[in-house]
Structures are given as C-alpha cells and as structure tokens.
Amino acid sequence: MLLLLLGIILLHVAALVLLFVSTIVSVWTSSETGTSDLWINCSTSNGGYHCDPATSGEWIQAVQAVMILSIIFSCLSLFLFFCQLFTLQKGGRFFLTGTFQILASLFVMSGAIIYTVMSPEWVPEGDAFGYSYILAWVAFPLALISGLIYVILRKRE
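The shown structure was predicted, so the numbers you read here are calculated from the model rather than taken from an experiment. (Residues numbered from 1 in each chain as written. Predicted model: local features only at pLDDT ≥ 70, side-chain atom pairs only at ≥ 80, totals over all residues. Heavy atoms only, no water.)

(A) Main features of the overall build of the protein chain. A count of helices and strands for the protein chain gives four helices and five strands. Reported as C-alpha extents along the three principal axes, the dimensions of the protein chain are approximately 65 × 25 × 20 Å. A total of 157 residues make up the protein chain; the buried ones form 41% of that total. Of the contacts formed within the protein chain by residues at least 6 apart in sequence, a portion of 70% connects residues at least 24 apart. As presented, the protein chain carries roughly 8500 Å² of accessible surface, and 71% of it is formed by carbon and sulfur atoms. Averaged over its 5 positive side-chain charges, the protein chain has a centre that lies 43 Å from the centre of its 8 negative ones. (Helix = DSSP H or I, 4+ residues; strand = E, 2+ residues; numbered from the N terminus. Buried < 20%, exposed > 50% of the residue type's maximum accessible area, 1.4 Å probe, protein only. Contact = heavy atoms within 4.5 Å. Areas by Shrake-Rupley, 256 points an atom, 1.4 Å probe, with all protein chains shown as cover. Lys, Arg positive; Asp, Glu negative; His and termini not counted. Charge placed at Lys NZ, Arg CZ, Asp CG, Glu CD.)

Set out below in structure tokens:
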C-alpha cells in the first residue's frame, strides 16, 4: 500500500513539474531565429537578441489563464490529497482530490488546444512547436490519469 501511495504521489508531482516547466519556459514555438511562448517572443535580428511581450490578443491571455489555473488546481489537489490522507475515514474515496486533478488536466488540454488552433495567426509559418508545448500535451494525460486514480482509490488502514 505504501508503494502504491508513493507511486501516485510521484505521478502527481511529475505532472505538476511538467505543468510548471511548460508554463514558465519560453519555447512553445521555435525557429532558427527565435522562440516564442505564452509570455514573451524573442528573436535574433541584426546581430542582437530582441524580446517583445506576447500581447497579440485575447486568445494568448486565455491560454495564460488556463495554464495558471491548471497549476493552481494541481497544487490544490496535491494539498487536498495529503489532507484527506490523514482525515478521511477508512474506506472513503478521494473524490475531491480527483476532481481537482481532473480539472487541472482539462485546463491544460484547453490551453494547448487554444494555442494549437490560434497560433497560425500569430506564429510565422517556418516555426515549429517547441518542447514546452509538447510538455503541456504530455502533462495532460498524466494529470488525467492521476486524477482518475484518485477517484478510484479508497483509503485503507
């Protein structure tokens, strides 16, 4: 039972780390001349490195908001898991923890979908999706799986 709890916590922490990295690091799209992300667009031009804030519309603000919400809900879910671990009755399920984690996964999925659909208007055609974008998509199933495990999990003595 202890190994199961440790595995669940490690899965949750892995998803949380991926959420943090994908939200903070500035490589949602990349090219030979620069990178762009949710917060800033950087490029090399005329031998210098130039960065501009990412203020191209409401959609980027929506992606920023849902990515931050996914981190908040995942952190709350981890906190609730530890609280419920010590206060939940024997045989009880971790519904609240699972709900928060599933919501976090839906938020990160929404952010990645919005970015996928809207980025062609904003990103030049030669650019490719970067590793932060890929990490966001990897964080989605990890958070969803850990949320489903929390819903199924029962507290034992």
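(B) Region of interest: the packing of aromatic side chains. Scanning the model with the defined rule gives 12 aromatic pairs in all. A ring pair is formed by Tyr115 and Tyr133, whose centres lie 6.0 Å apart and whose planes are at 45°; its orientation type is tilted. Taken together, the residues span a long stretch of sequence, with Tyr115 in helix α3 (residues 95-118) and Tyr133 in helix α4 (residues 131-152) at a distance of 18 residues. When its relative accessible area of 0% is taken as the criterion, Tyr115 is described as buried. Tyr133 gets classed as buried once you look at its relative accessible area, which sits at 8%. (Phe/Tyr/Trp six-rings, centres within 6.5 Å; stacked < 30°, edge-to-face > 60°.)

(C) Quick look at the UniProt feature "transmembrane region" (unreviewed entry) in the protein chain. UniProt marks residues 62-82, 94-118 and 130-153 with the feature "transmembrane region" (unreviewed entry), using the numbering shown here. Secondary structure across residues 62-82 comprises 100% helix and 0% strand; the distance between its end C-alpha atoms is 30 Å. With 96% helix and 0% strand, residues 94-118 has end C-alpha atoms that lie 36 Å from one another. (UniProt positions renumbered as here; feature names shortened; annotations may be inferred.)

(D) Molecular detail of the nonpolar core. Within the largest apolar cluster, 17 residues are counted, with the highest numbers of intra-cluster contacts made by Trp28, Leu38, Ile60, Val63, Met67, Val108 and Tyr115. Every element with two or more residues in this core is listed here: α1 (2-24), α2 (58-87), α3 and α4. If one sorts the elements of this core by residue count, α2 sits on top with five residues. In this structure, Leu5, Ile9, Leu85 and Phe94 belong to the second largest nonpolar core, which totals 10 residues. (Core = buried A, V, L, I, M, F, W, Y, C linked by side-chain atoms within 4.5 Å.)

(E) Here's a closer look at the sheet that holds strand β1 (residues 29-30). Reading across the sheet, the five strands line up as β4-β3-β2-β1-β5 and stay open at both edges, with antiparallel pairing between neighbours. Pairing within the sheet leaves two strands with one partner each, and these edge strands are β4 (48-53) and β5 (128-129). Pairing between strand β2 (residues 34-36) and strand β3 (residues 40-45): three bridges, direction antiparallel. Along β3, the bridge assignment pairs Gly34 with Ser43. (Pairing = 2+ DSSP bridges.)

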